[in-house]
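Spelled out, the chains give:
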Amino acid sequence: MTGPQLTALSRLERLGPVTTAELARREQITPQAIGATVAVLEGRGLVARTADPADGRRWLLTVTDGGRAVLSSERSAVADRMAAAMAASFTSEEVATLEAAAPLIERLADLF
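Position labels on residues start from 1 in each chain and follow its written sequence. Where local features are concerned, this predicted model is filtered to residues with pLDDT of at least 70; where side-chain atom pairs are given and counted, the filter is 80 or more; whole-chain, interface and lining totals use all residues. Water and hydrogen atoms were dropped before computing side-chain values, which therefore reflect all heavy atoms in the structure.

Participant: Tell me about helix H3 (residues 31-43), and name the residues and values.
Facilitator: Under the DSSP-based scheme used, a helix requires at least four consecutive residues in state H or I and a strand at least two consecutive residues in state E, with every element numbered from the N terminus. Under the convention used throughout, the expected extent of a helix is 1.5 Å for every residue step, that is, one less than its residue count. Relative to the 18 Å expected for 13 residues at 1.5 Å per residue, H3 spans 18 Å between its end C-alpha atoms, a close match to the ideal helical length. Of the positions making up H3, those classed as buried are Ile-34, Thr-37, Val-38 and Leu-41. End-on view of H3: buried residues confined to an arc of 100°, all on one side of the axis. Looking at H3, the residues exposed on the side facing more than 90 degrees away from the buried face are Gln-32 and Gly-43. Contacts between residues were defined by any pair of non-hydrogen atoms, one from each residue, lying within 4.5 Å. At its buried positions, H3 is contacted by helix H1 (3-15), helix H2 (20-27), strand E1 (47-52) and strand E2 (55-63). Just beyond H3, the residue with positive phi is Gly-45, at close to 75°. Classification of residues uses two cut-offs on accessible area relative to the type maximum, computed with a 1.4 Å probe and protein chains only: under 20% is buried, over 50% is exposed, and between them is partly exposed. The arc in question is formed by the directions pointing from the helix axis toward the C-beta atoms.

Here it is, written out as structure tokens:
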């Protein structure tokens, strides 16, 4: 998967069901660009479209179980690489500082 595909899938998981237009706005890219990304994700069965119960003219995107499995696998791989990099390049005090800051960084990421 490409970086933009993983980013879109992860954002969609955090946001919950959203329209393509809303996902494009959140990713700060054009609707056409996100449309191409979503088409690939849909084709791989990682994202599904469902009718918006509040407005039948709109479609909502949701992450499928397959999409969640891909995200889990990718996150585990990233976590392993980060742990190895920290062990090789950071002092124990620096690692403790990063661990203490993690909840704040997560909270900041949720705002976007």
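Participant: Talk me through the nonpolar core; I want residue IDs and the actual numbers.
Facilitator: Residues grouped as a nonpolar core are buried Ala, Val, Leu, Ile, Met, Phe, Trp, Tyr and Cys residues, joined through side-chain atoms within 4.5 Å. Formed by 14 residues in total, the largest nonpolar core has its most connected members in Leu-9, Leu-12, Leu-23, Ile-34, Leu-41, Val-47 and Leu-61. Those elements giving two or more residues to this core turn out to be H1, H2, H3 and E2. When neighbours within four sequence positions are excluded, Val-47 is seen to be in contact with Leu-9, Leu-12, Leu-41, Glu-42, Leu-61, Thr-62 and Thr-64.

Participant: Would you mind going over the packing of H1 against helix H4 (residues 65-89) in detail, with residue names and values included?
Facilitator: Put simply, H1 and H4 touch, their axes get as near as 10 Å, and they point 115° apart. The pairing of H1 with H4 is recorded here as roughly perpendicular in orientation. Like other packed secondary-structure pairs, H1 and H4 cross with a definite hand, here left-handed. Across the interface between the two elements, Leu-6, Leu-9, Ser-10 and Glu-13 from H1 touch Gly-67, Arg-68, Val-70, Leu-71, Glu-74 and Arg-75 from H4. Only the stretch in contact is used when a helix axis is fitted, and all axes are lines through C-alpha atoms; the angle between N-to-C directions ranges over 0 to 180 degrees. Oblique is the label for any angle not covered by the other classes, which are roughly parallel (under 35 degrees), roughly antiparallel (over 145) and roughly perpendicular (65 to 115). Left-handed describes a crossing whose near helix is turned anticlockwise from the far helix through less than a right angle; right-handed describes the clockwise counterpart.

Participant: Account for the side chain of Arg-11, with residues named and values stated.
Facilitator: Positionally, Arg-11 belongs in helix H1. Here a polar contact is recorded for every N or O atom pair within 3.5 Å, except that within protein the pair must consist of a potential hydrogen donor and a potential acceptor, and residues adjacent in sequence are included only if both atoms are side-chain atoms. Side chain to side chain, Arg-11 and Glu-27 meet in a polar contact 2.6 Å long. Look past the residues within four positions of Arg-11 in its chain and what remains in contact with it is Leu-23, Arg-26, Glu-27 and Phe-112.

Participant: Describe a nonpolar patch on the surface, naming the residues involved and giving the relevant values.
Facilitator: Nonpolar side chains (Val, Leu, Ile, Met, Phe, Trp, Tyr) within 5 Å and like charges within 9 Å form the patches, drawn only from residues with over 30% relative accessible area and no salt bridge. Here, Shrake-Rupley sampling with a 1.4 Å probe gives the accessible areas, and only protein chains in the shown set may cover a residue. Salt bridge, as applied in this entry: a Lys or Arg side-chain nitrogen positioned within 4 Å of an Asp or Glu carboxyl oxygen. On the surface, Leu-108, Leu-111 and Phe-112 cluster together into a nonpolar patch covering about 360 Å² of accessible area. Its place among the elements puts Phe-112 in the segment after helix H5 (92-110). For Phe-112, a relative accessible area of 55% gives the class exposed.

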